[in-house]
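Overview (structure and organization)
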Amino acid sequence: MNKKHINEIEDQMKLANEGLPEKERGLFADARPTTVDAFNKYYEGFLNWARSRSLWMLAFGTGCGATELRPLMTSRYDMSRYGIAPRPTPRQASVFIIGGYASIKTIKRIVRSYEQMQGPKYVIALGSCTINGGMYFDSYNTINRLDYYIPVDVYIAGCMPRPEALIAGFNRLKEKIRAGECEGMNEYAEKFDWFKKNQKQIIKNWNMPDYNW
Amino acid sequence: MSIWTQVLYAAISVTVATVYGLTLGGIVRKLYARVHGRFGPPVWQPFLDIIQTSSRRVSVSHGNMFLLGPVFRMAGGLGTYLFIPVIFGSAVFGNFSMAGDLLLVMYFVFFGQLGMALGAGQGGHPYSPLGIARGLAQMSAFEVPFTLAVIAVAIQYHSLNITSIVAAQQGSFLNWTLFTNPLAVIAAMISMLGMNMHSPFSIVMAPQEIPIGPPVEMNSGFLSILQTNRGLFAAAKLVLFMNLFFGGATNLLEMIAKTFFIYMFSVFVGAAYPRFRPEQSFRFFLKWPTIIGVLSIIYIAYLGGVL
Amino acid sequence: MEQLIKKLKGMVHLRAYRKQRDDLHFIMVDKPQLEMILAHLKNNEGFTHLAFLQAVDLIEDGKFQLTYMLYNYSTSVNLGVNVLIDRDDAEMNSIHKLWAHGWQYQRELHELYGIDFPGSPRVEESFVLEGWEEMPPMRRDFDTLEYSDKTFYQRPGRSTNDPAEYMKEKMYKNYPPSPGIRRDDE
């Protein structure tokens, strides 16, 4: 392959950003996410240990399940003793908790926030609604399976799950992180086209860049 | 002493101060948690947080100024710390103290915030200029009583050199500025509440309304620099206060004990009081602490420090 | 309240009146007279607060029933003013000049039921459904299950149980049967 050919392929790989108006397309990034390999086994193991002890969750209550996060922060359940802290901005957060049903309007914001998080990033899907739609399985406005739109690491079943169940879910997530199984960020980069296709299928007014940095 | 020995000593001193400052931060989080009736995170949680943020795999930059912002902040912290003699008479912890270093330190306390303002402004997030505006306004407000207190101290000891200010306070604890010029200490301690940004004056960070304030767009490595600097800067400020008002320290243990209790003052106030709104906090700083600061200068310069 | 109803009867054609509680009454008026009676209730009778505006789809009659729920702060009485409008050609006069916040309800009704309110500000903007292309989803002839099956991905293996039976089976098998709640007692 000569250099010209590689450039052509790179041009084809660029995102079209078709949802944006023509004059704004230059303002946004057109690169797609790339996979980032882990470090060597022992160093990555150490980092994963630190990551699992310091989980910063995005304080974005996407549904009724966000109600269960409040008691988790207060003195009764006290998540800070596990090193879990809320972070109000996606740039700094590493865990995204989808609190229950995600309507189409919300999933647009969820995708945007998820893409703005800096990896390695983890997703906890809370409640039955994220698993198979739950009691909203026949709703015109809420999605049924979250894992078609963003990669999910841990599901917590229930409607609603109690804060204890949430803590159990967090502990499960920690085990998975320490075992090096939480590669949602790379999964998203690998299956990017598939995720985008699913997202665009339900988000009809796609007026944002294809990949939000 | 050769320059390389000095560099080695400075590196040791900065490391100790950073570790100490971060541990202090962990202790404070634990303490706040106990006040709330929680267990709270472990004391070493700040270190884990720094490892976690610095080990992110990707990072987003918004331009050159954005890259420089955390560097300026770190330079502010380092500059503040490196010109303060941490332990009186110690070669390792003497840092680069010299004649007139008090002015330099005062400048560096301000420098970090300004650099941060430049960097965070380029992030483009509307909340960062909001937090910066609040931060700089509050900083200008608490600098007034603090500067007045420092002027009073400089008049009292006829020196702008921190080492000689500390030297003048040696001997008995009655020689401390706390007892020779209590008004200046009161003004400075109140302005320290604003400097440490604990509860009554935590409006800059304002986690509820303007998430996290200035560093809202800072991610990954940028954030870990800011976190490291937070530990170093906290230690530097405490050491400065200890030197100016509480007689300095002659060994590491004394330094740790004194700075711990100085910090606990702002922590206790923070745990007990709710938050001021921005305009309330500016007005507060420009009212009573400023008056006390002016009184302290009058007391020391015209009354000769004699009651 | 009886006096008010009597007075209203003299003014407009009251199609129906129902008293649900001492502080909750419903009247039904004709469509052309609605604005007049709302203005009267607001300006002269003390019903200054529009609590909500909502619609009911009466698909069997081919009508929409709009309910303007008013509240009187001095007497603490709720008064619902109902009006029937045609379902196929759903259009209603806007009340945003009487109550400024009415536009938001009208925007919602426009999106979810397809009722048009000419002149209402920002009525065409999307409220909760961004980029909706089908028929308004709260109309009863819209099949949500079919739409959901078509649009969202079902996870296989989903089953539905009757909660009472299921809990009895799973949790309270070893307990004597409970007397249950007799709803007739109320």
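Here the structure is shown first, and the text comes after it.
Residue numbering note: each chain is counted from 1, following its sequence as written. Each chain takes a letter, starting from A, and each ligand takes a number, starting from 1, following the order in which they are written. Local features in this predicted model are restricted to residues of pLDDT 70 or higher, and side-chain atom pairs are both shown and tallied only at a pLDDT of 80 or more, whereas totals for entire chains, interfaces and linings draw on every residue. Based on all heavy atoms of the structure, the side-chain values leave hydrogens and waters out of the count.

Points about the overall build of chain A
This is how it is decided: Comment: elements are numbered from the N terminus, with helices defined as DSSP H or I runs of at least four residues and strands as E runs of at least two. Atoms counted for the radius of gyration: C-alpha only. Globule rule: 2.2 Å times residue count to the power 0.38. Burial classification: accessible surface area is computed with a 1.4 Å probe over protein chains only, and a residue below 20% of its type maximum counts as buried, one above 50% as exposed, and the rest as partly exposed. By definition in these notes, contact holds between two residues if any of their heavy atoms fall within 4.5 Å. Each accessible area is a Shrake-Rupley estimate made with a 1.4 Å probe; only the visible protein chains count as cover when residues are assessed. Charge counting follows a simple rule: Lys and Arg are positive, Asp and Glu are negative, and His as well as the terminal groups are ignored. Here the site of a charge means NZ on Lys, CZ on Arg, CG on Asp, or CD on Glu.
Looking only at helices and strands, chain A has 8 helices and 5 strands in total. Going from N to C terminus, chain A has its helices and strands arranged as α-α-β-α-β-β-α-β-α-β-α-α-α. Whereas a compact globule of 213 residues would reach a radius of gyration of roughly 17 Å, chain A reaches 18 Å, a difference of no more than 12%. Looking at chain A as a whole, 54% of its 213 residues qualify as buried. Excluding contacts between residues fewer than 6 apart, the proportion of contacts in chain A whose partners are at least 24 apart in sequence is 76%. Summed over all atoms, the accessible surface of chain A reaches about 9400 Å², with 52% contributed by carbon and sulfur. Across chain A, 30 positive and 23 negative side-chain charges occur, with their mean positions spaced 5 Å apart.

Concerning the overall build of chain B
Scanning chain B for helices and strands turns up 11 helices and 0 strands. Listed N to C, the secondary structure of chain B is α-α-α-α-α-α-α-α-α-α-α in terms of helices and strands. A compact globule built from 307 residues would reach a C-alpha radius of gyration of about 19 Å, and chain B, at 19 Å, matches this within 12%. For chain B, the spread of C-alpha atoms along the principal axes amounts to about 60 × 50 × 40 Å. For chain B, the residues scored as buried account for 54% of the 307 residues in total. Contacts in chain B between residues far apart in sequence, at least 24 positions, make up 78% of those at least 6 positions apart. Surface exposure of chain B reaches about 12500 Å², of which carbon and sulfur atoms provide 73%. If the 15 positive side-chain charges of chain B are averaged to one point and the 7 negative ones to another, these points end up 8 Å apart.

Let's talk about the interface of chain C and chain A
The test is simple: Two parts lose some accessible area (1.4 Å probe) when they are put together, and adding that loss for both gives the buried area. Any Lys or Arg side-chain nitrogen located within 4 Å of an Asp or Glu carboxyl oxygen qualifies as a salt bridge. Counted as a polar contact is a pair of N or O atoms within 3.5 Å, where, for protein atoms, one must be capable of donating a hydrogen and the other of accepting one, and residues adjacent in sequence contribute only when both atoms are in side chains. Think of it as three bins: nonpolar holds Ala, Val, Leu, Ile, Met, Phe, Trp, Tyr, Cys and Pro, charged holds Asp, Glu, Lys and Arg, and polar takes everything else, Gly as well.
Listed as interface residues are 22 residues of chain C and, on the opposing side, 26 residues of chain A. Counting each side, the surface lost to burial between chain C and chain A is near 2200 Å², with a carbon and sulfur contribution of 50%. When the buried surface of chain C facing chain A is broken down by residue, Glu 130, Tyr 153 and Arg 155 of chain C rank first, second and third, together holding 37% of it. Put simply, Arg 155 of chain C and Asp 147 of chain A hold a salt bridge, and the shortest N to O gap is 3.4 Å. For the pair chain C and chain A, the interface holds 12 residue pairs in polar contact (both at pLDDT 80 or more). For the side of chain C that touches chain A, the residue count by class is 13 nonpolar, 5 polar and 4 charged.

A few points about the pattern of salt bridges
Under the criterion given, the structure shown has 29 salt bridges over all chains. The salt bridge involving Lys 7 of chain C is made with Glu 45 of chain C; its shortest N-O contact spans 2.9 Å. In this pair, Lys 7 of chain C is assigned in helix H1 (residues 2–11) and Glu 45 of chain C in the loop between helix H2 (34–43) and strand E3 (49–58), connecting sequence segments 38 residues apart. With relative accessibility at 46%, the residue Lys 7 of chain C sits in the partly exposed group. Residue class for Glu 45 of chain C comes out buried when judged on its relative accessible area of 18%. In this structure, Arg 87 of chain C and Asp 57 of chain C form a salt bridge, with 2.7 Å as the shortest nitrogen-oxygen distance. Separated by 30 residues along the polypeptide, Arg 87 of chain C in the loop between strand E5 (77–86) and helix H3 (102–112) and Asp 57 of chain C in strand E3 bring together distant segments of the chain. As far as the burial class goes, Arg 87 of chain C and Asp 57 of chain C line up, both buried. Members of the salt-bridge network, linked through shared partners, are Glu 44, Arg 51 and Glu 183 of chain A together with Arg 57 of chain B.

Notes on the sheet that holds strand E2 (residues 84–87) of chain A
Residue and element names in this part refer to chain A. Note the threshold: Strand pairing is assigned whenever DSSP identifies at least 2 bridges connecting the two strands. Between N-to-C directions, angles span 0 to 180 degrees; the directions come from axes that are lines fitted to C-alpha atoms, helices contributing only their stretch in contact.
Read across the open sheet, the 5 strands follow the order E2-E1-E3-E4-E5; overall the sheet is parallel. Two strands lie at the open edges of the sheet, namely E2 and strand E5 (154–156), each paired on one side alone. Taking the axes of each pair of neighbouring strands and ignoring which way they run, one obtains an average angle of 30° across the sheet. As judged from the 2 bridges shared by strand E1 (residues 55–58) and strand E3 (residues 95–99), these two strands associate in the parallel manner. If you follow Leu 58 over to E3, its bridge partner there is Phe 96.

Looking at the state of the cysteines
All names here are of chain A. Where we set the bar: Here, two cysteine sulfur atoms that lie within 2.5 Å of each other are counted as a disulfide.
Under the counting rule described, the total for this entry stands at 0 disulfides over all chains. Here Cys 129 is not disulfide-linked; the sulfur of Cys 159 is the nearest cysteine sulfur, at 5.4 Å. Using a relative accessible area of 53% as the deciding quantity, one classes Cys 159 as exposed.

Examining H1 of chain C
It helps to recall that an α-helix has 3.6 residues per turn; residues three or four apart then point in one direction. Residue and element names in this part refer to chain C. Our working definition: Throughout, the arc means the angular range of directions from the helix axis out to the C-beta atoms.
Listed as buried for H1 are Leu 4, Ile 5 and Leu 8. Projected down its long axis, H1 carries its buried residues within an arc of 100°, all on one side. The outward face of H1, more than 90 degrees from its buried face, is lined by the exposed residues Glu 2, Gln 3, Lys 6, Lys 9 and Gly 10. Those residues of H1 hidden inside the fold are in contact with strand E1 (14–21), strand E2 (24–29) and H2.

Thoughts on a negative patch on the surface
All names here are of chain C. Note the following rule: Within this analysis, patches are made of residues with over 30% relative accessible area and no salt bridge. Like charges are joined at 9 Å or less; nonpolar side chains (Val, Leu, Ile, Met, Phe, Trp, Tyr) at 5 Å or less.
A contiguous patch of negative charge on the surface is contributed by Asp 86, Asp 88, Asp 89 and Glu 91. Examined against the element boundaries, Glu 91 turns out to sit in the loop between E5 and H3. Classification of Glu 91 as partly exposed rests on a relative accessible area of 37%.

Observations concerning the nonpolar core
What counts, and what does not: Among the buried residues, those of types Ala, Val, Leu, Ile, Met, Phe, Trp, Tyr and Cys that are joined through side-chain atoms within 4.5 Å form a nonpolar core.
Judged by nonpolar contacts, the single largest core of 65 residues is most densely connected at Tyr 81, Phe 241 and Phe 245 of chain B. A per-element tally of this core places helix H9 (residues 220–245) of chain B first, with 11 residues. Membership of the second largest hydrophobic core comes to 39 residues, among which are Leu 8, Val 29, Leu 34 and Leu 112 of chain C.

A short note on the interface of chain B and chain A
Tallying the contact residues gives 32 residues for chain B and 33 residues for chain A. For the pair chain B and chain A, the summed buried area comes to about 2600 Å², and 57% of that belongs to carbon and sulfur atoms. Measuring nitrogen to oxygen at the nearest pair gives 2.8 Å for the salt bridge that ties Arg 57 of chain B to Glu 44 of chain A. Taken together, chain B and chain A are joined by 17 residue pairs in polar contact (both at pLDDT 80 or more). Taken together, the elements giving at least two residues each to the side of chain B that touches chain A come down to helix H2 (45–54) and H9 of chain B. Residues that form the side of chain B that touches chain A fall into these classes: 15 nonpolar, 12 polar and 5 charged.

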